[in-house]
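What follows is each chain in one-letter form.
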Amino acid sequence: EDQVTQSPEALRLQEGESSSLNCSYTVSGLRGLFWYRQDPGKGPEFLFTLYSAGEEKEKERLKATLTKKESFLHITAPKPEDSATYLCAVQARALSGGSYIPTFGRGTSLIVHP
Amino acid sequence: DTGVSQDPRHKITKRGQNVTFRCDPISEHNRLYWYRQTLGQGPEFLTYFQNEAQLEKSRLLSDRFSAERPKGSFSTLEIQRTEQGDSAMYLCASSSGEEETQYFGPGTRLLVL
């Protein structure tokens, strides 16, 4: 069974204190790993898509990396407005062998204190 | 392009009633997904359309749930005989055929009393 595990479940940082979030996965036929940001009561907001091991993507204070078994979301010098839940999802082939469907992790809740 | 929209944003219903939600995807996106999300969990896949064809349906999805996408544009998700366990945020997402990235709507929050 495809699994996506995110750690830690919750993370509290001081403004400017850099850290990393982890997403480990066990899937067959990976076809992309996605990072989303979700604010309370809202739909997930797309951040990055990674397709192959060694790939890296950056956006402002965020940097996503991918290996064969896990992905990291690095947050450099975070600000209070970076507080949100960060979700990881992997796109893998469905059990039916047909389409590719996504499996999400439970997310990491990040709070950045000023 | 205004993004993915969902209606209603909130719905309160009594147990046993039927409810229907609507999703309008990003224009020209041929793929549309429905998810359910409960507190502290990531979105759980429910079903997926490519154009008007429903290609995948979660094995966890009860027979009380049905989804349609007539003409390959907007989609509806209906829940019959609602139960308290159906209370959740229902999310819709769309993607184009050329890339897999999904763009989410704001969600419909359902509360079953």
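Before going into details, it helps to say that this report is about the structure given with it.

Glancing now at a nonpolar patch on the surface. Where nonpolar side chains cluster on the molecular surface, the patch consists of Ile12(B), Leu111(B) and Leu113(B) and spans about 300 Å² of accessible area. Relative to the helices and strands, Leu111(B) resides in strand S11 (residues 108–112).

Of the volumes computed, that of the second largest pocket is approximately 590 Å³. Around the second largest pocket, the lining comprises 24 residues; the ones closest to its centre are Thr85(A), Gln37(B), Leu39(B), Gly40(B) and Gln41(B). Going through the elements one at a time, strand S1 (3–7), strand S9 (84–93) and strand S11 (108–113) of chain A together with strand S9 (88–95) of chain B are the ones with two or more residues in the lining of the second largest pocket. In terms of residue class, the lining of the second largest pocket is made up of seven nonpolar, twelve polar and five charged.

So, about the interface of chain A and chain B. Listed as interface residues are 24 residues of chain A and, on the opposing side, 23 residues of chain B. Between chain A and chain B, a total of about 1700 Å² is buried, with carbon and sulfur atoms accounting for 52% of that surface. Our enumeration of links across chain A and chain B arrives at zero salt bridges.

Counted under the stated rule, the structure contains two disulfides over all chains. Here Cys23(A) is linked by a disulfide to Cys88(A), with a sulfur-sulfur distance of 1.9 Å. Its S-S torsion of approximately -60° makes the covalent link between Cys23(A) and Cys88(A) left-handed. In this pair, Cys23(A) is assigned in strand S3 (residues 19–26) and Cys88(A) in strand S9, connecting sequence segments 65 residues apart. The pair formed by Cys23(A) and Cys88(A) is uniform in burial state, with each residue classed as buried. Here Cys23(B) is linked by a disulfide to Cys92(B), with a sulfur-sulfur distance of 1.8 Å.

Here we take up the sheet that holds strand S8 (residues 70–75) of chain A. All names here are of chain A. Read across the open sheet, the five strands follow the order S1-S3-S8-S7-S6; overall the sheet is antiparallel. In this open sheet, the two strands that pair with only one neighbour each are S1 and strand S6 (56–59). When the angles between neighbouring strand axes are averaged without regard to direction, this sheet yields 15°. Here strand S7 (residues 62–66) runs beside S8; their pairing, made up of five bridges, is antiparallel. Its bridge partner lying in S8, lysine 63 is registered against histidine 74.

Moving on, we come to the environment of Glu56(B). Relative to the helices and strands, Glu56(B) is located in strand S6 (residues 53–57). Between the alpha carbons of Glu56(B) and Tyr33(B) there is a distance of 9.5 Å; along the sequence they are 23 residues apart.

Reading the values: the criteria
- In this convention, every chain numbers its residues from 1, walking through the sequence in written order.
- Chains and ligands are labelled sequentially in the order written, the chains with letters from A and the ligands with numbers from 1.
- Local features in a predicted model are, by the rule used here, given only for residues with pLDDT of at least 70; side-chain atom pairs are given and counted only at 80 or more, and totals for whole chains, interfaces and linings are based on all residues.
- Only hydrogens and water are set aside; all other atoms, that is, all heavy atoms of the structure, feed into the side-chain values.
- A patch consists of residues whose relative accessible area exceeds 30% and which take part in no salt bridge; residues with like charges are grouped when within 9 Å of each other, and nonpolar side chains (Val, Leu, Ile, Met, Phe, Trp, Tyr) when within 5 Å.
- Working definition of accessibility: Shrake-Rupley area with a 1.4 Å probe, residue cover restricted to the visible protein chains.
- We count a salt bridge whenever a side-chain nitrogen from Lys or Arg sits within 4 Å of a carboxyl oxygen from Asp or Glu.
- We count a stretch as a helix when DSSP gives it H or I for four or more residues in a row; a strand needs E for two or more, and each element gets its number in order from the N terminus.
- The way it works is a 1 Å grid over only the protein atoms, where trapped points that fit a 1.4 Å probe form a cavity and open points with protein on both sides within 12 Å along at least five of seven lines form a pocket, and then any residue with an atom within 4 Å of a point lines it.
- Grid points are joined across faces, edges and corners, and a volume is the space filled by probe spheres set on the points.
- Residues are grouped as follows: Ala, Val, Leu, Ile, Met, Phe, Trp, Tyr, Cys and Pro are nonpolar; Asp, Glu, Lys and Arg are charged; all remaining types, including Gly, are polar.
- By the convention used here, residues are in contact when the closest approach between their heavy atoms is within 4.5 Å.
- Throughout, the accessible surface (probe 1.4 Å) given up by two parts as they are put together, summed over both, is called the buried area.
- Our working definition of a disulfide is a cysteine sulfur pair at a distance within 2.5 Å.
- Burial status follows relative accessibility: with a 1.4 Å probe on protein chains alone, a residue under 20% of its type maximum counts as buried, one over 50% as exposed, and anything between as partly exposed.
- For two strands to pair, DSSP has to find at least two bridges joining them.
- Each axis is a line fitted through C-alpha atoms, taken for helices only over the stretch in contact, and angles between the N-to-C directions span 0 to 180 degrees.

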